Amino acid sequence: MTSKTNRDEKNFNQAALDYHRAEPRGKIEVIPSKPHSSARDLSLAYSPGVAIPCLEIQKDPKTAYEYTGKGNLVAVISNGTAVLGLGDIGAEASKPVMEGKGLLFKIFADINVFDIEINEKDPDKFIEIVKGIAPTFGGINLEDIKAPEAFYIEQRLKKELDIPLMHDDQHGTAIISAAALINALELADKKIEEIKMVVNGAGAAAVACTKLYHALGVRKENVLMCDSKGVINHKRENLTPEKIDFVAHTDKNTLEDALKGADVFIGLSKGNVMTPEMLNSMAENPIVFGLANPDPEIDYDLAIETRKDVIMATGRSDFPNQVNNVLGFPYIFRGALDVQASTINEEMKLAAVHAIANLAKEAVPEAVILAYNLTSLTFGREYFIPKPFDNRLITRVSSAVAKAAIDSGVAGKPIENFEEYETQLLDRMGRDEKLIRMMQSRARANPKRVTLSNAEEYNVLKAAQILYEEGIAKPILLGEKKFIKEQMERYGIELDVPIVDPMDDDQEDNRKTYRDLLWKLRQRKGVNEYKAKKFVRQRDYFGPLMLRNGDTDALILGFSKNYTSVLRPLLEVIEKEQGVDKIASMMMILSGKKPIFFADTSVNANPTTEDLVNIARMSEITVKSFAIEPRIAMLAYENFAGISDTSKKVAKAVKILHEKHPKMIVDGEIQPDFAMNTDHLADYPFSKLGTQPANVFVFPNLESANISYKIIRGMKVAQVVGPILMGLKQPVHVLQMRSSVEEIVNLATIAVLDAQRRER
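Residues numbered from 1 in each chain as written. Predicted model: local features only at pLDDT ≥ 70, side-chain atom pairs only at ≥ 80, totals over all residues. Heavy atoms only, no water.

**Details of the overall build of the chain**
Step number 1: Along its length, the chain carries 31 helices and 21 strands.
Step number 2: Taken over the C-alpha trace, the chain has a radius of gyration of 29 Å; the compact-globule value for 760 residues is 27 Å, and the two agree within 12%.
Step number 3: When the backbone C-alpha atoms are referred to their principal axes, the chain occupies close to 90 × 65 × 50 Å.
Step number 4: Buried residues in the chain amount to 54% of all 760 residues.
Step number 5: Sequence separation of at least 24 residues holds for 70% of the intrachain contacts in the chain that already meet a minimum separation of 6.
Step number 6: Surface summary for the chain: the accessible area is close to 34,600 Å², and the carbon and sulfur share equals 51%.
Step number 7: Positive and negative side-chain charges in the chain, numbering 97 and 106 respectively, have mean positions lying 5 Å apart. (Helix = DSSP H or I, 4+ residues; strand = E, 2+ residues; numbered from the N terminus. Rg over C-alpha atoms; globule rule 2.2 N^0.38 Å. Buried < 20%, exposed > 50% of the residue type's maximum accessible area, 1.4 Å probe, protein only. Contact = heavy atoms within 4.5 Å. Areas by Shrake-Rupley, 256 points an atom, 1.4 Å probe, with all protein chains shown as cover. Lys, Arg positive; Asp, Glu negative; His and termini not counted. Charge placed at Lys NZ, Arg CZ, Asp CG, Glu CD.)

Set out below in structure tokens:
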């Protein structure tokens, strides 16, 4: 019997290979950013039109920022000599990591990336290659280059190139941990110039971190650095030039010796090297940063158990205070690129440090709290570093870096209006992939039991595997047990989750319970005991009855059946919320920009005025649960004219909403293209939408809504999530026929959030 750990590792390893192998191969791609559909477009894009900007750049090379994408293009460059925890695996084997870094640049700061893997270990030759390709880029991120060569390579390239360049392995960790240190010292009520610090590790990150701490005020004589042989002291021989800078005149030789009376421990080494005894030997309110991954130098829970006064950070996302480089490098490069900086200097790094530190002290927006499924988040021992999903990072850090570049004289293009700049930054990050990540993060914080019907289908099984392995939900498979197991074996899917077969002998007690429940619910609505006994053997009834009886927390139905046929038994079992006469459904449209929502797409064929009012209200509540402020457009094919019967119906619904719910941002009747366009909205200054585009669209009838979202889905120009049922007392949603694995995972995630909300 394969152990759960081995099985999970095998499944994850295969999933990783499948993820990278799936078409298109890799994780990043190049797409056109200009029109290219006509012969004229192509003549402008290439020959002969392209010659004109070439000549302008020849006259003034700086205009490359004006006529090309150079100003938003970063090279992620490595020779594969120190890749993650894998070591020297070679340039080609490092490519998946470099592509991944490129993906992070794009999704967090909208920076385009070419990953470049150079098969050259000689530092001088490597430097010449990088210098040779540098004119292509607005900035260079060096990655996974082993020490001590990394120091030499970065120092020379910074001197010899005139674009922003940073070795993130060194400076990323340094910047984030320095921000954390500032705030931890405030919580410990200690002065930075008085603390005694121990740094365990003497690689690139440790050296860069310690130098930055010195710049913040940590005294050199108060720092003891340790490597694998112990304290780097005056008795040690054959030290590298980098280590010589940190030689201490002390008789302390071991990490255990060094930690006695220390105020701060910075771990940049390997897991579990700090014992509880070592922690107990530290000073009052000890600050411990265990940054080794995946296992910190001391386990977080063990440290908290050992000393209640410890102030701790790790490199892991499942503990408070994660020192994560993604808090820094995307936004540092964003600010540097936007002012066309000639370097990333110490002033810019320190500006990033203080911006990150200060952000943790600000009141945390509801959207961030919701993203992490918390009730509150305030500055303190469990929160002194901002969360990676905090959307304010791009404005705070990028602006601070840009200002520092300008003030220190390295900016080639100063920013005149920083308020406008921050608006531009937010517009860049209107991408909705982040929404899915935030939703899944919230789900993981308190995963719920989600029953997936039609579990014999490969897509449903694969979705269940992802939900299980990612910790998003606790799947329950509903279907024919024998066939489910055959499919799992056929596709190599190993899952240790319940399989519920309504026909199986082991469900006899549940069938009796559900039969009685169904008969009680429907005995005056055409269902007798015989019918109830028959229906409970059908999954379309069994699933809703599981939910009604509390045997699952959420339910996903559909996939291979007509929507209406699945909905009917569901509505016979699950009650509507108080005040809801008719349920409705909503689709979430993820196009790579800001998410938008369509309602009602699946239930109400020809809603009345009152129905439209209720659909708008339910939509507002649902969208708010995703930490998004709803701006609702009530659609018609006229703009505030009220001529047709449909428009009159919509206009009447809007009037009721304005009177009964004056705080709602809702207006209409309006055409969808006008509701999405700032300039068009400006023509209607009386509208409650103002000039900010709508993100929720309530359609006047089912046909228009259903056809609209299915055109989008069919064209594959956006990911469509849903339908999300609204108005029921319990979390249950019905899949579109033949939903993709991703669509099932996303709808199940929404079901978990729905269950969490109702629990609260």
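There is more to say, and it comes next.
**Overview of the pattern of salt bridges**
Step number 1: For the coordinates displayed, the defined rule picks out 43 salt bridges.
Step number 2: Asp-88 is paired through a salt bridge with Lys-121; the nearest N and O atoms lie 2.8 Å apart. Residue Asp-88 is located in the loop between strand S1 (73-78) and helix H5 (95-109), and its partner Lys-121 is located in the loop between strand S2 (112-117) and helix H6 (123-133); the two are separated by 33 residues in the primary sequence.
Step number 3: Residue classification places Asp-88 among the partly exposed positions, given a relative accessible area of 39%.
Step number 4: For Asp-516, the salt bridge identified is with Arg-515, shortest N-O distance 3.4 Å.
Step number 5: Given the relative accessible area of 40%, Asp-516 is considered partly exposed. (Salt bridge = Lys/Arg side-chain N within 4 Å of Asp/Glu carboxyl O.)

**Details of the sheet that holds strand S17 (residues 632-635)**
Step number 1: Strand order in the open sheet formed by 6 strands is S18-S17-S19-S16-S15-S20, and the pairing between neighbours is mixed. Either end of the sheet is taken by a strand with one partner, and the two such strands are strand S18 (666-670) and strand S20 (719-726). Along the sheet, successive strands turn relative to each other by an average axial angle of 25 degrees, direction set aside.
Step number 2: Both S17 and S18 contribute to a ladder of 4 bridges, which runs parallel. (Pairing = 2+ DSSP bridges. Axes fitted to C-alpha atoms, helices over the stretch in contact; angles between N-to-C directions.)

**Looking at H5**
Step number 1: Its 15 residues give H5 an end-to-end C-alpha distance of 21 Å, which sits within 8% of 21 Å, the value for a rise of 1.5 Å per residue.
Step number 2: Among the residues of H5, those classed as buried are Met-98, Glu-99, Gly-100, Lys-101, Gly-102, Phe-105, Ile-107, Phe-108 and Ala-109.
Step number 3: Note on H5: the residue one or two positions beyond its end, Asp-110, has a positive phi of about 55 degrees. (Expected span 1.5 Å × (residues − 1).)

**Remarks on the packing of aromatic side chains**
Step number 1: As enumerated under the stated definition, the model contains 16 aromatic pairs in all.
Step number 2: Measuring from ring centre to ring centre gives 5.9 Å for Tyr-684 and Phe-686, while their planes differ by 75 degrees; the resulting arrangement is edge-to-face.
Step number 3: The exposure class of Phe-686 is exposed, given its relative accessible area of 56%.
Step number 4: Taken together through their ring pairs, the aromatic side chains of Phe-640, Phe-674, Tyr-684 and Phe-686 make up a single cluster. (Phe/Tyr/Trp six-rings, centres within 6.5 Å; stacked < 30°, edge-to-face > 60°.)

**Brief notes about the environment of Glu-469**
Step number 1: With respect to the helices and strands, Glu-469 occurs in helix H20 (residues 458-469).
Step number 2: The sequence separation of Glu-469 and Ile-406 amounts to 63 residues, and the corresponding C-alpha distance is 47 Å.

**Focus on the sheet that holds strand S11 (residues 449-452)**
Step number 1: If you trace the 5 strands from one edge of the open sheet to the other, you get S13-S12-S11-S14-S21, paired in parallel fashion. In this open sheet, the two edge strands, each paired with only one partner strand, are strand S13 (499-500) and strand S21 (732-734).
Step number 2: Taken together, the 4 bridges between S11 and strand S12 (residues 474-478) define a ladder with parallel strand orientation. Note that in S12 the partner of Val-450 across the bridge is Pro-475.

**Some points on the pairing of strand S6 (residues 223-227)**
Step number 1: Among the 5 residues that make up S6, 5 are buried, leaving the element largely enclosed by the rest of the structure.
Step number 2: Alternating residues of S6 divide into Val-223, Met-225 and Asp-227 and Leu-224 and Cys-226, and every residue in both groups is buried.
Step number 3: Bridge count between strand S5 (residues 197-200) and S6: 4 bridges; the pairing is parallel. If you follow Val-199 over to S6, its bridge partner there is Met-225.
Step number 4: Viewed along the sheet, the connection from S5 through helix H9 (residues 204-216) into S6 turns out right-handed.
Step number 5: Relative to strand S7 (residues 230-231), S6 is paired through 2 bridges, and the arrangement is antiparallel. Along S7, the bridge assignment pairs Cys-226 with Val-231.
Step number 6: Here S6 folds back onto S7 in antiparallel fashion, the turn holding 2 residues. (Right-handed = clockwise from strand over helix to strand, strands pointing away.)

**Quick word on the packing of H5 against helix H14 (residues 329-338)**
Step number 1: At a minimum axis separation of 9 Å, H5 and H14 run at an interaxial angle of 70 degrees. Comparing the axis directions of H5 and H14 gives the class roughly perpendicular. The two elements H5 and H14 meet at a crossing, and its hand is right-handed. In this structure, H5 contributes Lys-101, Leu-104, Phe-105, Phe-108 and Ala-109 to the contact, and H14 contributes Phe-329, Pro-330, Tyr-331, Phe-333 and Arg-334.
Step number 2: Tallied by class, residues from the contact of H5 with H14 come to 8 nonpolar, no polar and 2 charged. (Parallel < 35°, antiparallel > 145°, perpendicular 65-115°, else oblique. Left-handed = near helix turned anticlockwise from the far one by under 90°. Nonpolar A, V, L, I, M, F, W, Y, C, P; charged D, E, K, R; others polar.)

**Remarks on H14**
Step number 1: Most of H14 sits out of view: 10 of its 10 residues are buried.
Step number 2: One or two positions beyond H14, positive phi appears at Gln-340, with a value near 50 degrees.

**As for the environment of Asn-285**
Step number 1: For Asn-285, the location among the structural elements is in the loop between helix H12 (276-280) and strand S9 (287-290).
Step number 2: With relative accessibility at 14%, the residue Asn-285 sits in the buried group.
Step number 3: Placed 96 residues apart in sequence, Asn-285 and Asp-189 show a C-alpha to C-alpha distance of 8.6 Å.
Step number 4: Those residues in contact with Asn-285 that sit more than four places away from it in its chain are Ala-188, Lys-190, Asp-263, Arg-307, Asp-309, Ile-311 and Arg-381.

**Thoughts on the packing of H6 against helix H7 (residues 149-160)**
Step number 1: Where H6 contacts H7, the axes come no closer than 10 Å and their chain directions differ by 35 degrees. Judged by the sense of rotation from one axis to the other, the crossing of H6 with H7 is right-handed. Together, Pro-123, Asp-124, Phe-126, Ile-127, Glu-128, Val-130 and Lys-131 of H6 and Glu-149, Tyr-152, Ile-153, Arg-156, Leu-157 and Glu-160 of H7 make up the contact between the two elements.
Step number 2: Grouping the constituent residues of the contact of H6 with H7 by class yields 7 nonpolar, no polar and 6 charged.

**A closer look at the nonpolar core**
Step number 1: Ranked by size, the top nonpolar core spans 85 residues in total, and within it Ile-175, Leu-181, Met-197, Phe-289, Met-348 and Val-397 carry the most contacts.
Step number 2: Dropping the residues within four chain positions of it, Phe-289 is found in contact with Ser-177, Ala-180, Leu-181, Ala-184, Phe-265, Ile-266, Gly-267, Ala-313 and Phe-384.
Step number 3: Counting 64 residues, the second-largest nonpolar core is a separate cluster that includes Leu-477, Ile-493, Ile-632 and Ala-751. (Core = buried A, V, L, I, M, F, W, Y, C linked by side-chain atoms within 4.5 Å.)

**Quick notes on the pairing of S18**
Each regular strand carries side chains that alternate between the two faces of the sheet.
Step number 1: In terms of burial, S18 is largely enclosed, as 5 of its 5 residues are buried.
Step number 2: With respect to chirality, the unit in which S17 leads through helix H27 (residues 645-660) into the neighbouring parallel S18 is right-handed.

**Notes on the side chain of Asn-746**
Step number 1: By the element assignment, Asn-746 lies in helix H31 (residues 741-759).
Step number 2: Setting aside residues up to four positions removed in sequence, Asn-746 forms contacts with Ile-436, Gln-440, Gln-719 and Val-721.

It is worth stressing that arrangement in space is one thing and function is another; only the former is reported here.
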